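Below, each chain spelled out in residue letters.
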Amino acid sequence: MAPLSGASTTVRTTSRKPESLLEVEGVAKQFPLGKRGLWDRITRKRPKYVRAVRDATVRVRAGETLVVLGESGSGKTTLGRVIVGLEKPESGRVAVSGDPVRPVRESGATRGRLQMVFQDPGSSLDPFMKVRDVVAEPLVKSSLSDDARTEKVLQAINNVGLDQSVLDRRASELSGGQKQRVSVARALTSNPEVIVLDEPTSSIDVSIQAQVLNLLVDLQKQNGYAYVLITHDPNVARFMADSIAVMYLGKIVESGQAGQVLQQPKHPYTQALLAAAPKLRDASIPDVIKGEPPSLINLPPGCPYAPRCPHAMDVCGEREPQPYLVEGVSVACYLYDKDVVSRAEPAS
Amino acid sequence: MEVLRVEGLTVDYKAGGGQVHALRNVSLTIQEREIVGVVGESGSGKSTLALAVSRLLRSPPAIQRSGRIVFRGSDIAQLLPSKIDNIRGTGIFMVFQDPFLSLNPLMKVKDQIIEAISVRLKHDSRRFDREEAERGAISHLKTVRIGDAEDVAERYPHQLSGGQIQRVMLAMALAERPQLLIADEPTTALDVTTQSQILTTLKDIVEETKMGVLFVTHDLAVAGVICNQMAVLYGGMVQEAGPTSKILFEPKHPYTMGLIDSVPSKTKEEGPLTAIRGSFNPAGLEKICPFTPRCPLARDECRKGVPAQNMVDGTVVRCINYGENYES
Amino acid sequence: MSFLETLKKLASKPGPLLGLTIVTAFYGWSLVEGLLQLVGSLIHAPSLGWILLQSNPFTPSLSNSLLPPSFSHIMGTDDLGRDIWTRVLYAAPTDALVSTVVVGGGILVGSLIGIPAGYLGGGVEEVNMRFTDLFLAFPALILAVAIEATFGRQLIYAILALVIVWWPSYARLFRAEALRIKGLRFIDAALLSGLSNRSIMARHMIPSSLNTVLSYATLDLGNSILVYSILSFLGLGVPAPAPEWGAMTSLGLSYFPQWWWYSMLPGVVITVIVIGAALLGDGIRDILTGGG
């Protein structure tokens, strides 16, 4: 298709390319700790940083789901926010269909193409707004007519399985499950290519969770969205994921096809995490990890998991391992570096 | 030996213009060294139950209509507030969901455990020795597996992680040696790896202190891992109750079955999750089985009245499909 | 929750219901009476102002001087024989106007300064809040004296002085609210929708923060009446012979305690309205934090 004269140089065709739709490469994001007052500036005190995400690289194809699996402090939420542009990374790049993702306050080619569904239904919607205005918000800056907007809102509400009577109610009047559906509807109206979902079902009842997960799968099949689903729940990961990236303290420690990562976890943290989740109908309490995760502010040198890892070797405490490709899965662990393993003595 | 017996507890809330039935005719017992799980989703009444047993319900708006809460042989539902203080701590101890609301932010961890120890000593009419109490506090912290116990003891609550605070609460439970521990979603706010540590610790101290535990949770898997007995609540009523293995492996009530199926246990390629349709809405459910609008096995008989409980194969079930009797 | 539902909820408890009644009666009456006085002065027919009243609040009747409260004079008469209740009613619109303008002005200026401070942070916050601190330090009475000494004794200057000292508290309130709301997820969603900062502040910050500020503002209506009454008590309000609650209380002091009604009863009226506003404000706060 030849571009129309005078139009923007990027033309989107209706067919999805088979290569990655979303590309995240080498993303790093840190936050300064505390406020720097005048005195700190005068004494040139070095600010402390929380290094929330370090060197994250993932790819997601259209119509597929990447699950980012991790616990609190893993950096998964920050990564999600960087992907949609709510945070600006210190380094690395994020691109959707080749177009770089700009931070939200800057105008750019990617507005509306990435959307996010948040964890807490209570704060996801402005309690004083009517549902129809909430769902229509992504269209505020578009050039659509009023009728076209109403049409899209109606469609989105229907797609998430809500009756249109909900449109005239205030967001505060809805139940948790309904709020999450409205949240999803809002994410759909701008016809995004990528939807980041940050723990979308963690704050709602498990019986409603099943409904919402089924809905998300259906929507993806119909519209070809690429999902980045952030969760701490391995069961949700198992159901939703095509590929999985496991995060610990800001690093992606293991990533690959969902089946492989879940059935044959290679990184010791992945193994511990999967083992620790209580399984229905299995009365043993898994008790595999000792100790507490260290703080993100004073990260020890080397692999972040080393202090708690049963297989830690000397080298693990010296340098962070780079990812190794093992049977199609990327693992950042010296256990998979043949040279290291043959040379090293296990640390006691 | 029986630690707690709840008999026919019915609690209403005044809300809006009318009444909401938060709990209806709820009964359960807890023996020593037994962990009894109360499992339910939002609107099930499980938090009300935890608050009622610990006498922390604000009344109004809550009103207890009927029933008894028998602890140490007497009905504590009738006790005056002044007498309740005698029971809290050494009799009944509570661990809450939000760790950061549990401890006094102005006191060091060590001092809070020492305070718990002194309460226990006073209750037992024993002498309080500061040094001995300090050693005891450190020892309790070690028992609950807090790393660097001496260090942590000198810290303030805001310097601890959620998991550490829950462990401190368990250390205080060790110090007070209550007969009954009420744990209201104690691990919900914690990471899965921390959660498994806390659950193991809880099991250990139950063994050591022989206390009974009322464990309230929405997470069926967690209940399955730690509870000996379970009661499934829906619409304020116990729908199914019995030994954990029976409930999880041979569920009888359609809600229990639906809840078990809702936990994702397959990949999306294998088909959609079996979801319970709809959501809980208390309106119009007072005189029928509350699960009827969402139940895949609902029949006309379900609307004839509130089903009574039947004992079926070692489990208590409240469902027409197991016997057509109704509550008066 | 809609307006009607809020009203119903307020009316369901005795305290807020009383407050609502008092406040509605006061402002309702003031609106009607105030319009009559305004129209009357515009068309040079001042008698319009006392059409609804028992008598002309200005005409002295020395033979009726200092009569105690009775059926014909509910609050008695003042030293010039004028019916006090009539003068109280005639003076009501002044206080109603002052309280509305002062609190309204406080909210307006306070939100314009406080919301950007909280939401945008950084330099804007520093500048706005230091500016606010400056004004927070002004004492209302001294400022009023200074302004009126410079520009003359008129209602408008008293109001001006009050607005100047009133808005800083609201600026702080709005800033705190903006800080709180900023962290809520729907703001992130708005950013993702491409809304500009100004749109976000207008669409989201203002409604949410107004909610909290409203209950404080209702209470504040009473406060502003109280402070204005003090100003007028000190002679800084509307000059005589126009009746004014605070001024009447002040004048009546010379006749206290033998002719106690002159000073006390207008004071009682002020107190009742302040309490009414407090009860209403409490009721609104309970609804907004409890139910809603």
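This text follows the structure it describes.
Residues numbered from 1 in each chain as written. Chains lettered and ligands numbered in written order. Predicted model: local features only at pLDDT ≥ 70, side-chain atom pairs only at ≥ 80, totals over all residues.

1. Some details on the interface of chain A and chain C
To be explicit about the condition: Working definition of a contact: two residues with C-beta atoms, positioned from the backbone, lying within 7 Å. Working definition: helices are DSSP H or I runs of at least four residues, strands are E runs of at least two. Numbering for both runs from the N terminus. Charged means Asp, Glu, Lys or Arg here, nonpolar means Ala, Val, Leu, Ile, Met, Phe, Trp, Tyr, Cys or Pro, and polar covers whatever is left, Gly included.
Taken residue by residue, the interface counts 19 residues in chain A and 14 residues in chain C. Sorting the residues of the side of chain A that touches chain C by element identifies strand E6 (114–117) and helix H3 (121–124) of chain A as the ones contributing at least two each. Grouping the amino acids of the side of chain A that touches chain C by side-chain chemistry returns 9 nonpolar, 4 polar and 6 charged.

2. Quick look at the pairing of strand E8 (residues 226–231) of chain A
Residues and elements named next belong to chain A. Short version of the rule: With C-beta atoms placed from the backbone, the exposure class of a residue follows from how many other C-beta atoms lie within 10 Å of its own: 20 or more, buried; 12 or fewer, exposed; in between, partly exposed. Here, any two strands with at least 2 DSSP bridges between them count as paired. Handedness rule for crossovers: strands pointing away from the viewer, path from the first strand over the helix to the second running clockwise, crossover right-handed.
Most of E8 sits inside the fold, with 6 of its 6 residues counted as buried. Covered by surrounding structure in E8 are Ala 226, Val 228 and Ile 230 together with Tyr 227, Leu 229 and Thr 231, the residues of both alternating faces. Pairing of strand E3 (residues 65–69) with E8, which is carried by 5 bridges, proceeds in the parallel orientation. Following the sheet pairing, Leu 66 is matched in E8 by Val 228. Taken together, strand E7 (residues 194–198), helix H7 (residues 206–223) and E8 form a β-α-β motif whose crossover is right-handed.

3. Considering the sheet that holds strand E2 (residues 49–61) of chain A
Residue and element names in this part refer to chain A. Strand order in the open sheet formed by 4 strands is E2-E1-E4-E5, and the pairing between neighbours is antiparallel. Because the sheet does not close on itself, it has two edges, and the strands there are E2 and strand E5 (99–100). Strand direction decides the pairing type here: strand E1 (residues 20–32) and strand E4 (residues 91–96), joined by 5 bridges, are antiparallel. Looking across to E4, one finds that Ala 28 is bridged to Ser 91.

4. Description of the sheet that holds strand E9 (residues 243–248) of chain A
All names here are of chain A. So the rule is basically this: Under this scheme, a helix contributes an axis fitted over its contacting stretch, all axes are lines through C-alpha atoms, and angles between N-to-C directions fall in the 0 to 180 degree range.
Pairing within the open sheet is mixed, and its 8 strands lie in the order E6-E7-E8-E3-E9-E10-E12-E11. Looking along the sheet, the strands with just one partner apiece sit at the ends: E6 and strand E11 (324–326). In this sheet, adjacent strand axes meet at a mean angle of 20 degrees when their direction is disregarded.

5. Remarks on unusual backbone geometry
Cis rather than trans, the peptide bond between Phe 256 of chain C and Pro 257 of chain C has omega equal to 0 degrees. Within the secondary structure layout, Pro 257 of chain C lies in the loop between helix H9 (245–252) and helix H10 (260–289). In this model, Glu 199 of chain A sits at a positive phi of 45 degrees, which is unusual for a non-glycine residue. Considering the arrangement of structural elements, one finds Glu 199 of chain A in the loop between E7 and H7. According to the C-beta neighbour criterion, Glu 199 of chain A is partly exposed, with 19 such atoms within 10 Å. Positive phi values are uncommon outside glycine, yet Leu 66 of chain C reaches one of about 55 degrees. Relative to the elements of secondary structure, Leu 66 of chain C occurs in the loop between helix H2 (14–42) and helix H3 (84–120).

6. Digging into the environment of Thr 48 of chain B
Residue and element names in this part refer to chain B. Mapped onto the elements of the fold, Thr 48 is located in helix H1 (residues 46–53). Taking the C-beta count within 10 Å as the criterion, Thr 48 has 22 such neighbours and is therefore assigned buried. Non-local contacts of Thr 48, meaning those with residues more than four positions away in its chain, are made with Val 11, Ala 22, Leu 23 and Leu 57.

7. Quick notes on the environment of Glu 292 of chain A
Relative to the helices and strands, Glu 292 of chain A resides in the loop between helix H10 (268–276) and E11. The spacing of Glu 292 of chain A and Ala 277 of chain A is 15 residues in sequence and 17 Å in space, taken between C-alpha atoms.

8. Remarks on the interface of chain B and chain A
Accessible area lost during the coming together of the parts is what is often quoted as the interface size. Of the residues lining the interface, 38 residues belong to chain B; the matching set on chain A comes to 35 residues. Where the side of chain B that touches chain A is concerned, the elements lending two or more residues are helix H6 (162–176), helix H7 (192–209), helix H8 (220–226), helix H9 (244–249) and helix H10 (254–262) of chain B. Tallying contributions element by element places H7 of chain B first for the side of chain B that touches chain A, with 7 residues. In the side of chain B that touches chain A, the residues fall into 17 nonpolar, 16 polar and 5 charged.

9. Observations regarding the nonpolar core
Rule in force here: Put simply, a nonpolar core is a cluster of buried Ala, Val, Leu, Ile, Met, Phe, Trp, Tyr and Cys residues tied together by C-beta atoms within 7 Å.
One finds Val 67, Val 228, Ile 244 and Val 246 of chain A together with Leu 162 of chain C to be the most contacted residues of the largest nonpolar core, which totals 170 residues. Here the element with the most residues in this core is H3 of chain C; it accounts for 17 residues. With 94 residues, the next largest nonpolar core counts Leu 28, Leu 233, Val 238 and Ala 241 of chain B among its residues.

Any link to function would need more than the numbers given here.
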